[in-house]
Amino acid sequence: MNDFEKLFEEYSDCIYRFCCNIADNLYEAEDLFQDTFLKAMEIEAKVMAAENKKSYLIGIAIKLEKNNRRKKARHKEIAPEARGFDRESDILEAVAMDEKSIEDSFIEKEQIVRVRENLQELAPSYKMIASLYYGESMPIKEIARIVKLPQGTVKSRLYKIRGMLRKGLED
């Protein structure tokens, strides 16, 4: 197993999760995931030389997602695209896999789906920060370095994100 294969094995799960959190739907998330590792293969020497390889890969994913959003803005689509994940199938699949009481499982999974839907409604810059902080458990300092913002800005955006999610759950 070469170094790049080891890198892929070690970071593929968290990069895939991150891509799912920032993309508009599962198909775009899978494309973004593949593009991220294709780009990483192209610049393998830089990735391997990076101090924090996970952050470097997330940075690649962020840049690719920004480029994808710019392309979408330029090519206004004729038909609206399906947003997010299929809510009903997510709930049913999660309930089927869980052994808690059906009512408890359903309520818990419904809340998870509502949080996921609310995250999908956030602006892309907020979605990335939320995904890095809550999904990848990254420290604020590292997030600030990746998204190239001051730490105070990251903290204030996290505060706003919590408020938006709280408001979305109260509705």
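The rules behind each value
Residues numbered from 1 in each chain as written. Predicted model: local features only at pLDDT ≥ 70, side-chain atom pairs only at ≥ 80, totals over all residues. Heavy atoms only, no water. Helix = DSSP H or I, 4+ residues; strand = E, 2+ residues; numbered from the N terminus. Buried < 20%, exposed > 50% of the residue type's maximum accessible area, 1.4 Å probe, protein only. Polar contact = N/O pair within 3.5 Å; in protein donor to acceptor, adjacent residues only side chain to side chain. Contact = heavy atoms within 4.5 Å. Patch = residues over 30% accessible without salt bridge, like charges linked within 9 Å, V, L, I, M, F, W, Y side chains within 5 Å. Areas by Shrake-Rupley, 256 points an atom, 1.4 Å probe, with all protein chains shown as cover. Salt bridge = Lys/Arg side-chain N within 4 Å of Asp/Glu carboxyl O. Lys, Arg positive; Asp, Glu negative; His and termini not counted. Charge placed at Lys NZ, Arg CZ, Asp CG, Glu CD. pLDDT = per-residue confidence, 0-100. Expected span 1.5 Å × (residues − 1). Bend = angle between axes of the 7 residues up to and from the residue. Disulfide = S-S within 2.5 Å. Phe/Tyr/Trp six-rings, centres within 6.5 Å; stacked < 30°, edge-to-face > 60°.

### Structural notes on the environment of glycine 152
If you trace the backbone, glycine 152 turns up in helix α9 (residues 151–170). It is 9.0 Å that separates the C-alpha atoms of glycine 152 and isoleucine 140, two residues lying twelve residues apart in sequence.

### Describing the side chain of serine 55
Locating serine 55 in the fold gives a position in helix α4 (residues 53–74). On the basis of relative accessibility, which here comes to 3%, the residue serine 55 falls in the buried class. At 3.1 Å, the side chain of serine 55 and the side chain of asparagine 52 are in polar contact. When near neighbours in sequence (up to four residues on either side) are disregarded, serine 55 contacts Met138, Glu142, Arg145 and Ile146.

### Examining a positive patch on the surface
On the surface, Lys46, Lys63, Lys66, Arg70, Lys71, Arg74 and Lys148 cluster together to form a positively charged patch. At five residues, the largest contribution of residues to the positive patch is made by α4.

### Regarding unusual backbone geometry
Backbone geometry at serine 137 places phi at a positive 55°, although glycine is not the residue there. Position of serine 137 relative to the elements: it lies in the loop between α7 (124–135) and α8 (140–147). Judged by relative accessible area, which is 60%, serine 137 ranks as exposed. We note that lysine 148 has phi near 60°; this positive angle belongs to a residue other than glycine. With respect to the helices, strands and loops of the structure, lysine 148 is situated in the loop between α8 and α9. Lysine 148 sits in the exposed class, given a relative accessible area of 63%.

### Some remarks on the confidence of the model for the protein
Scored by pLDDT, the protein has a mean of 82; 82% of the residues are at 70 or more. Confidence, read as mean pLDDT per element, is least for helix α5 (residues 87–97) in the protein (52) and greatest for helix α2 (residues 26–42) (93). Low pLDDT, under 50, characterises residues 77–84; the stretch is placed with eleven contacts to residues that sit more than four places away or in other chains.

### Considering helix α1 (residues 3–22)
Helix length check: α1 (20 residues) gives 27 Å between terminal C-alpha atoms against 28 Å at 1.5 Å per residue, within 8%. Along α1, the sharpest kink reaches roughly 55°, centred on tyrosine 11. Three or more residues of α1 are buried, namely Phe4, Leu7, Tyr11, Ser12, Cys14, Ile15, Phe18, Cys19, Cys20 and Ile22. The backbone nitrogen of phenylalanine 4 lies 3.0 Å from a side-chain oxygen of the residue at the head of α1, namely asparagine 2.

### Let's talk about the state of the cysteines
Counted by the stated rule, this structure contains zero disulfides. Summary of cysteine pairing: cysteine 14 is not part of a disulfide, and the nearest cysteine sulfur, belonging to cysteine 19, is at 9.5 Å. Left without a disulfide partner, cysteine 19 is nearest to the cysteine sulfur of cysteine 20, which lies 7.1 Å away. The buried category is assigned to cysteine 19, whose relative accessible area is 0%.

### Focus on the pattern of salt bridges
Applying the stated criterion across every chain yields a total of seven salt bridges. Note that arginine 17 and glutamate 136 form a salt bridge whose closest N and O atoms lie 3.5 Å from each other. Taken together, the positions of arginine 17 in helix α1 and glutamate 136 in the loop between α7 and α8 put the pair 119 residues apart, joining distant regions of the chain. Notably, a salt bridge pairs glutamate 65 with arginine 69, separated by 3.1 Å at the nearest N-O pair.

### Structural notes on the packing of aromatic side chains
Inspection of the entire model under this criterion finds six aromatic pairs. Pairing phenylalanine 4 with phenylalanine 37 gives two aromatic rings, centres 6.4 Å apart and planes at 80°, and the pair type is edge-to-face. Pair noted here: phenylalanine 4 is in helix α1 and phenylalanine 37 is in helix α2, with a separation of 33 residues, a long-range link. On the basis of relative accessible area, phenylalanine 4 is assigned to the buried category, the value being 10%. Judged by relative accessible area, which is 5%, phenylalanine 37 ranks as buried. Ring centres 5.3 Å apart and planes at 65° place the aromatic pair phenylalanine 33 and phenylalanine 37 in the edge-to-face group. Residue phenylalanine 33 and its partner phenylalanine 37 are both found in helix α2; the two are separated by four residues, about one turn of the helix. Neither phenylalanine 33 nor phenylalanine 37 differs from the other in exposure class; each is buried. Aromatic ring contacts, followed pair by pair, group Phe4, Phe8, Tyr16, Phe33 and Phe37 into a single cluster.

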